[in-house]
Amino acid sequence: QVQLAESGGGLVQAGGSIRLACGASGRTFSIHTMGWFRRPPGKEREFLASISWTGGNTYYVDSVKGRFTISRDNAKNTVYLQINSLKSEDTAVYHCAANVVPSYTYDYWGPGTQVTVFT
């Protein structure tokens, strides 16, 4: 089992930046890929970015390229999501997730952290 816990959310002014963190515990050696998702109010959950746990290869959905940066610190078992130039439409609950085999599906999910962007 892998346990995930997000942190770093909050109330942020439009145009600002925020860095979310996702701490992993448990069988972290089994993680293949970590991903970040978000669920805006009243909308479906959407994939944002992923990073391979060992090689550090990253992938971003087109809509966030240039504003979002995913990174990892294996020594801390933590994955980060840096979001710059925040917009009101970035308001969402942000979740991290992990899978243990190469896949588009994820096996473990964190409870999420709320990001609210105000103007």
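Residues numbered from 1 in each chain as written. Predicted model: local features only at pLDDT ≥ 70, side-chain atom pairs only at ≥ 80, totals over all residues. Heavy atoms only, no water.

(A) Up close: the overall build of the chain. Looking only at helices and strands, the chain has zero helices and 11 strands in total. Taking 2.2 N^0.38 as the reference for a compact globule, 119 residues should give roughly 14 Å; the C-alpha atoms of the chain span a radius of gyration of 13 Å, in line with that estimate. Across its three principal directions, the C-alpha atoms of the chain cover 40 × 25 × 25 Å. When contacts within the chain are restricted to residue pairs at least 6 apart in sequence, those whose partners lie at least 24 apart make up 52%. (Helix = DSSP H or I, 4+ residues; strand = E, 2+ residues; numbered from the N terminus. Rg over C-alpha atoms; globule rule 2.2 N^0.38 Å. Contact = heavy atoms within 4.5 Å.)

(B) Here's a closer look at the sheet that holds strand β1 (residues 2–7). Judged by pairing direction, the sheet is antiparallel, and its four strands sit side by side in the order β1-β3-β8-β7 without closing on themselves. Two strands in the sheet have a free side with no partner beyond their single neighbour: β1 and β7 (68–73). Neighbour to neighbour, the strand axes of the sheet diverge by 20° on average, direction disregarded. As judged from the six bridges shared by β7 and strand β8 (residues 78–83), these two strands associate in the antiparallel manner. Bridge pairing in β8 links Asp73 to Thr78. (Pairing = 2+ DSSP bridges. Axes fitted to C-alpha atoms, helices over the stretch in contact; angles between N-to-C directions.)

(C) Focus on the side chain of His95. Along the polypeptide, His95 turns up in strand β9 (residues 92–99). There is a polar contact of 3.0 Å between the side chain of His95 and the backbone oxygen of Gly110. Not counting residues within four places of it along the chain, the set of residues in contact with His95 comprises Glu6, Gly35, Trp36, Phe37, Trp109, Gly110, Pro111 and Gly112. (Polar contact = N/O pair within 3.5 Å; in protein donor to acceptor, adjacent residues only side chain to side chain.)

(D) Representation of the layout of surface pockets. In this structure, the largest pocket spans a volume of roughly 260 Å³. The set of elements that each furnish at least two residues to the lining of the largest pocket consists of β4 (33–39), β5 (46–52) and β6 (58–60). A per-element tally of the lining of the largest pocket places β5 first, with four residues. Considering only residue class, the lining of the largest pocket consists of seven nonpolar, eight polar and no charged. (1 Å grid on protein atoms, 1.4 Å probe; cavity = no way out; pocket = protein on both sides within 12 Å on 5 of 7 lines; lining within 4 Å. Points joined across faces, edges and corners; volume = space filled by probe spheres on them. Nonpolar A, V, L, I, M, F, W, Y, C, P; charged D, E, K, R; others polar.)

(E) Molecular detail of the nonpolar core. Leu4, Met34, Trp36, Leu81 and Tyr94 are the most contacted members of the largest nonpolar core, which totals 29 residues. Taken together, the elements giving at least two residues each to this core come down to β1, β3 (18–26), β4, β5, β7, β8, β9 and β11 (113–118). With near-sequence residues (within four places) excluded, Leu4 lies in contact with Cys22, Gly23, Ala24, Met34, Cys96, Ala97, Ala98, Tyr108, Trp109, Gly110 and Pro111. (Core = buried A, V, L, I, M, F, W, Y, C linked by side-chain atoms within 4.5 Å. Buried < 20%, exposed > 50% of the residue type's maximum accessible area, 1.4 Å probe, protein only.)

(F) Structural view of the pattern of salt bridges. In total, this model carries four salt bridges according to the counting rule given. Members of the salt-bridge network, linked through shared partners, are Arg38, Glu46, Arg67 and Asp90. (Salt bridge = Lys/Arg side-chain N within 4 Å of Asp/Glu carboxyl O.)

(G) The environment of Ala14, seen in detail. Tracing the chain through its elements places Ala14 in the loop between β2 (10–13) and β3. Overall, the relative accessible area of 33% leaves Ala14 in the partly exposed class. Residues Ala14 and Ala24, spaced 10 residues apart in sequence, show a C-alpha to C-alpha distance of 29 Å. Setting aside residues up to four positions removed in sequence, Ala14 forms contacts with Leu86, Val117, Phe118 and Thr119.

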